[in-house]
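Below are the chains, spelled out letter by letter.
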Amino acid sequence: MHAIERGQGERKGEKIALQRINSDAEWTAIFRRFDHDNDDKIPIRDFLQELHSLTDGDIPIKVMERALNEADRNGDNIITLAEFLKLVKRSKHGKSTDGSMFIRYVRATIPPRQIIVRKPVTQDYTDGEYEDEYSCSPPPVAMILISLLEIGTFMYDSATRGYGRFDGPVAAMLIYNPHRRREAWRFLTYMFVHVGAFHLIVNLAVQILLGLPLEMVHGWWRVITVYLAGVVAGSLGTSVSDPSVYLAGASGGVYALITAHIATIIMNWSEMQFAFWQLIIFLILATMDIGTAIYNRYVLDIEDQIGYVAHLAGGIAGLLVGIYVLRNLQVRTWEKKIWWAALVIYILLMGTGIIINIALPSHFPPEFYDDSKAFPT
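Quantities reported herein were computed from a predicted structural model and do not represent experimental measurements. Sequence order sets the numbering: in each chain, residues are counted from 1 along the sequence as written. Where totals are concerned, whole chains, interfaces and linings use all residues; where local detail is concerned, this predicted model gives features only for residues with pLDDT of at least 70, and gives and counts side-chain atom pairs only at 80 or more. Side-chain metrics rest on all non-hydrogen atoms present in the structure, leaving aside hydrogens and water.

### Let's talk about the overall build of the protein chain
Okay, step 1: Strands are runs of DSSP state E lasting at least two residues, helices are runs of H or I lasting at least four, and both sets are numbered from the N terminus onward. Helices and strands together make up the secondary structure of the protein chain, namely 15 helices and 4 strands.
Okay, step 2: Exposure categories follow from relative accessible area, calculated using a 1.4 Å probe and restricted to protein chains: below 20% of the type maximum is buried, above 50% is exposed, and the middle band is partly exposed. Sorting the 377 residues of the protein chain into buried and exposed places 46% on the buried side.
Okay, step 3: Counting every atom, the protein chain has about 20000 Å² of accessible surface; 62% of that belongs to carbon and sulfur. For every accessible area listed, the method is Shrake-Rupley and the probe measures 1.4 Å; residues are considered covered only by the protein chains on display.

### Some remarks on the nonpolar core
Okay, step 1: Buried Ala, Val, Leu, Ile, Met, Phe, Trp, Tyr and Cys residues that are joined via side-chain atoms within 4.5 Å together make up what is termed a nonpolar core. Grouped together as the largest cluster of nonpolar side chains are 52 residues, with contacts concentrated most on Met143, Met191, Leu214, Tyr227, Leu257 and Tyr346.
Okay, step 2: Every element with two or more residues in this core is listed here: α7 (142–161), α8 (169–174), α10 (197–218), α11 (220–241), α12 (251–267), α13 (275–299), α14 (308–325) and α15 (333–359).
Okay, step 3: No other element matches the 10 residues that α12 contributes to this core.
Okay, step 4: Sequence-distant contacts of Tyr346, defined by excluding residues within four places in its chain, comprise Ala229, Ala317, Leu320 and Val321.
Okay, step 5: Counting 22 residues, the second-largest nonpolar core is a separate cluster that includes Trp27, Leu48, Met64 and Val88. By definition in these notes, contact holds between two residues if any of their heavy atoms fall within 4.5 Å.

### Some points on the pattern of salt bridges
Okay, step 1: Should a side-chain nitrogen of Lys or Arg be within 4 Å of a carboxyl oxygen of Asp or Glu, the pair is scored as a salt bridge. Enumeration over the complete set of coordinates arrives at 3 salt bridges.
Okay, step 2: The partner of Glu183 in a salt bridge is Arg186, and the shortest N-O contact between them spans 2.4 Å. Residues Glu183 and Arg186 agree in their burial class; the two are buried.

### Examining the side chain of His36
Okay, step 1: In this structure, His36 sits in the loop between α1 (24–34) and β2 (41–43).
Okay, step 2: Discounting chain neighbours no more than four positions away, the residues touching His36 are Glu50, Glu129, Ser270, Glu271, Gln330 and Arg332.

### Quick notes on the packing of α12 against α14
Okay, step 1: Two elements in contact, α12 and α14, have axes separated by 6 Å at closest approach and are oriented at 35 degrees. When the axes of α12 and α14 are compared, the crossing they make is right-handed. Contact residues: α12 offers Ser251, Gly252, Tyr255, Ala256, Thr259, Ala260, Ile262, Ala263 and Met267, while α14 offers Ala310, His311, Gly314, Gly315, Gly318, Leu319, Gly322 and Ile323.
Okay, step 2: Class assignment for the residues of the contact of α12 with α14 results in 9 nonpolar, 8 polar and no charged. Helix axes are fitted only over the stretch in contact, all axes being lines through C-alpha atoms; the angle between N-to-C directions runs from 0 to 180 degrees. Each helix crossing is assigned a hand: it is left-handed if the near helix lies turned anticlockwise from the far helix by less than a right angle, otherwise right-handed if that turn is clockwise. Note that Gly is not counted as nonpolar here; it falls among the polar residues with everything else outside the nonpolar set of Ala, Val, Leu, Ile, Met, Phe, Trp, Tyr, Cys and Pro and the charged set of Asp, Glu, Lys and Arg.

### Focus: the packing of aromatic side chains
Okay, step 1: Aromatic pairing here means that ring centres of Phe, Tyr or Trp (its six-membered ring) are within 6.5 Å. Orientation follows from the plane angle: under 30 degrees is stacked, over 60 is edge-to-face, and everything else is tilted. As enumerated under the stated definition, the model contains 7 aromatic pairs in all.
Okay, step 2: Relative to Phe47, the ring of Phe34 has its centre 5.1 Å away and its plane inclined at 35 degrees; by these criteria the two rings are tilted. Of this pair, Phe34 sits in helix α1 while Phe47 sits in helix α2 (residues 44–54), and the two are 13 residues apart along the sequence.
Okay, step 3: Three or more aromatic residues joined by ring pairs form one cluster here, namely Phe31, Phe34, Phe47 and Phe84.
Okay, step 4: The criterion for a charge sitting over a ring is simple: Lys NZ or Arg CZ within 6 Å of the ring centre, and within 35 degrees of the ring normal. Positioned above the aromatic ring of Phe364 is the side chain of Arg181, whose terminal nitrogen or guanidinium carbon lies 3.8 Å from the ring centre.

### Comments concerning the UniProt feature "transmembrane region" (unreviewed entry) in the protein chain
Okay, step 1: UniProt records the feature "transmembrane region" (unreviewed entry) for residues 187–212, 219–240, 246–267, 274–294, 306–326 and 338–360 in the present numbering.
Okay, step 2: Taken end to end, residues 187–212 comprises 73% helix and 0% strand; its first and last C-alpha atoms sit 24 Å apart.
Okay, step 3: Note that residues 219–240 is 95% helix and 0% strand, and that its end C-alpha atoms are spaced 32 Å apart. UniProt positions are given in the numbering used here, feature names are shortened, and annotations may be inferred rather than shown by experiment.

Shown next, in the form of structure tokens:
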């Protein structure tokens, strides 16, 4: 059997036999078994869900809910440690029938035969539940397949029209062309077109290094959803801010993967080891790129043909869609509010970009379909 708090063992306290649970300290240890963020508060819904999952669904859920609602004296749908201990005390003295049944089920659902009474600590420990979710079954191949398609496109057009050309037969059909906005697939397929080997290699390296770890925890379809959301957001954002710009490359998707890591750190903070330092690292990466873009464009007045708007829009989409789509190992009340906010903001931003592209044709260059004019000179 495993200890309740992995990796903490006897270093954090002393073992107490389950059948002898009587003191407040022992019941406090049980409460904190379910209190994953260590704030001595558990939302009623989360408490019930975890009890339900630990007992394979054979828990009298209505009785448990009545007991918790009885203990929740202020009606905020959250059980504090003090309220839990009062429920235990009332149940011991026969003053709560539902509470007595609740306490019996709580005892029965503690996985090991031992609990740990933790000594007072000032540090907020995490148990690494998120890291335990890494798995290679099924193998993370989605980002690898996308990378192979991008390599294939580049090699075919280089063999057909010469190295580094992005007006080859495949690129001409896939690149985002502001004069061909009616061909809506271009808002997505420009991700397969790259201008030069360095452009391709950088994007491949980042999306593999960041995409595979996400796939190993969240599954291929969630990661692909985030990636494609970043790609489309990148082209929509660029079309609105720089309507005459041609767009090639997977940078929108790559930056979506960067901010998707930020999203999963935020939503799985209490389940992740070194969450603070991981968040700082990804924030520094994103801030450095955005800061460099602003400095080059507005201070040095450098036109380097890099689609920074696509980077920024892809990053925003990755954060919002990541919060909405990626797995949240322990759902808490405040996280549900963030989840809904991310969904609403994403829909509003994407809707605005689509409406501008459809309703304001004068904002964009005229459309034409002469292949001789398909690319800038």
